[in-house]
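Coordinate analysis (summary)
Each chain is listed here by its residues.
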Amino acid sequence: GLWVKMDEPLLPEGEAKPSWTWFGYSVDLDGDLACVAAALESAVYIFRRNRDDGDSAAWTQIDKLSVDRLRIWECMVAGNTVAVQTYDPSTEGDNKPGLRDIRLYHYDPDRNGFSVLQDPLPANSYNRVLSKDYLAFSATSASPSGDGVVYDGVSIYHQQDEHGPFNLHQILNSSDYNDMFGARLA
């Protein structure tokens, strides 16, 4: 297909967002859905491409997912599922990041909105991937010496049907201590 530059930047409804919100900190798209994180605003904006809009196929904001008191680390979209990794800045300390989790939402095109799929999944991870009906993320913990992060393995979750929750499917581990297993997922 042909890629066409949009005349206007993709921004939330209303006025332009100030730079302090970090709008665009994380971006993902799949088909006609896109998610854009405003990390310091604790929100993820969801856009849908309107293919009935002629050649421009304009993107329109359809929803805003907010997570009070938390910060957005990353957003991901696959099919009608949006995953948002958050962290709690109040749990940050010396050389340790805040506690993280992944929140999962389902987009319902008939009502043009989102619903929560399940309770958040604990995910103290820097690496994650969402693909159709699978979610994988590396598990991390502090090293025994306290001088860094140990990658403990990879948790794989599977969704049986698109309206249902993601359930733990398998945990992949390596027998070598701190061999960076799961440090990069794609």
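Every value quoted in this text rests on a predicted model; they were computed, and no experiment measured them.

1. Things to note about the nonpolar core
Counting 18 residues, the largest nonpolar core has Val44, Ile46, Leu65, Ile72, Val82, Val84 and Phe114 as its most contacted members. Contributions of two or more residues to this core are made by strand S2 (33-38), strand S3 (43-49), strand S4 (59-66), strand S5 (71-78), strand S6 (81-87) and strand S7 (100-108). Residues within four places of Ile46 in sequence aside, it is in contact with Leu33, Ala34, Cys35, Thr60, Gln61, Ile62, Asp63, Leu65, Val82 and Phe114.

2. Here's the deal with the environment of Ser90
Assignment of secondary structure puts Ser90 in the loop between S6 and S7. Sequence spacing of Ser90 and Leu70 is 20 residues, and the spatial spacing of their C-alpha atoms is 8.6 Å. Within the local environment of Ser90, its side chain forms a polar contact with the side chain of Asp88, the two groups lying 2.6 Å apart.

3. Here's the deal with a nonpolar patch on the surface
On the surface, Trp22, Tyr25 and Leu40 cluster together to form a nonpolar patch covering roughly 290 Å² of accessible area. Its place among the elements puts Leu40 in the loop between S2 and S3.

4. Quick word on the pairing of strand S8 (residues 113-116)
Sheet topology places S7 next to S8; four bridges connect them, and they run antiparallel. In the strand pairing of S8, Tyr105 is matched with Val116. Hairpin geometry of S7 and S8 is characterised by an intervening segment of four residues between the two adjacent antiparallel strands and by a positive phi of about 55° at Asn112.

5. Concerning the confidence of the model for the protein chain
In this model, the protein chain carries an average pLDDT of 78, and 70% of its residues clear a pLDDT of 70 or more. For the protein chain, strand S11 (residues 134-142) is the element with the lowest average pLDDT, namely 75, and S2 is the one with the highest, namely 92.

6. Concerning the packing of aromatic side chains
Applying the stated criterion across every chain yields a total of five aromatic pairs. Aromatic side chains Trp22 and Tyr25 sit 5.3 Å apart centroid to centroid with 20° between the ring planes, which places their arrangement in the stacked category. Looking at Trp22, the relative accessible area reads 43%, which means it is partly exposed. Plain terms: the ring middles of Tyr107 and Phe114 are 5.1 Å apart, the flat faces sit at 40° to each other, and that makes the pair tilted.

7. Looking at unusual backbone geometry
In this structure, Ser42 takes a positive phi of about 60° despite not being glycine. By secondary structure assignment, the location of Ser42 is in the loop between S2 and S3. Of the residues examined, Ser42 reaches a relative accessible area of 7% and is grouped as buried. Positive phi is not limited to glycine here, since Arg69 has a value of about 65°. The residue Arg69 is located in the loop between S4 and S5 in this model. The class of Arg69 is exposed, set by a relative accessible area of 73%.

The rules behind the values
- Every chain's residues receive numbers from 1 upward, in the order its sequence appears when written.
- Where totals are concerned, whole chains, interfaces and linings use all residues; where local detail is concerned, this predicted model gives features only for residues with pLDDT of at least 70, and gives and counts side-chain atom pairs only at 80 or more.
- Neither water nor hydrogens contribute to the side-chain values; these are computed over all heavy atoms in the structure.
- For the purposes of this section, nonpolar cores are sets of buried Ala, Val, Leu, Ile, Met, Phe, Trp, Tyr and Cys residues that join through side-chain atoms within 4.5 Å.
- Relative accessibility under 20% of the residue-type maximum defines a buried residue, over 50% an exposed one, and the middle range a partly exposed one, all with a 1.4 Å probe and only protein chains included.
- Starting at the N terminus, helices and strands are each numbered in turn, a helix being any DSSP run of H or I of at least four residues and a strand any DSSP run of E of at least two.
- Should any heavy atoms of two residues lie within 4.5 Å, those residues are counted as being in contact.
- Pairs of N or O atoms are called polar contacts if they sit within 3.5 Å, as long as, within protein, a hydrogen donor faces a hydrogen acceptor (for residues adjacent in sequence, only side-chain-to-side-chain pairs).
- Patch building starts from residues that exceed 30% relative accessible area and form no salt bridge, then joins like charges within 9 Å and nonpolar side chains (Val, Leu, Ile, Met, Phe, Trp, Tyr) within 5 Å.
- Residue-level accessible areas treat just the shown protein chains as cover; the underlying method is Shrake-Rupley with a 1.4 Å probe.
- We define a salt bridge as a contact between a side-chain nitrogen of Lys or Arg and a carboxyl oxygen of Asp or Glu at a distance within 4 Å.
- Whether two strands pair depends on DSSP finding at least two bridges between them.
- pLDDT gives the predictor's per-residue confidence on a scale running from 0 to 100.
- Only the six-membered ring of Trp is used, alongside the rings of Phe and Tyr, when aromatic pairs are assigned; centres must lie within 6.5 Å, and planes under 30 degrees apart are stacked while those over 60 apart are edge-to-face, with the rest tilted.

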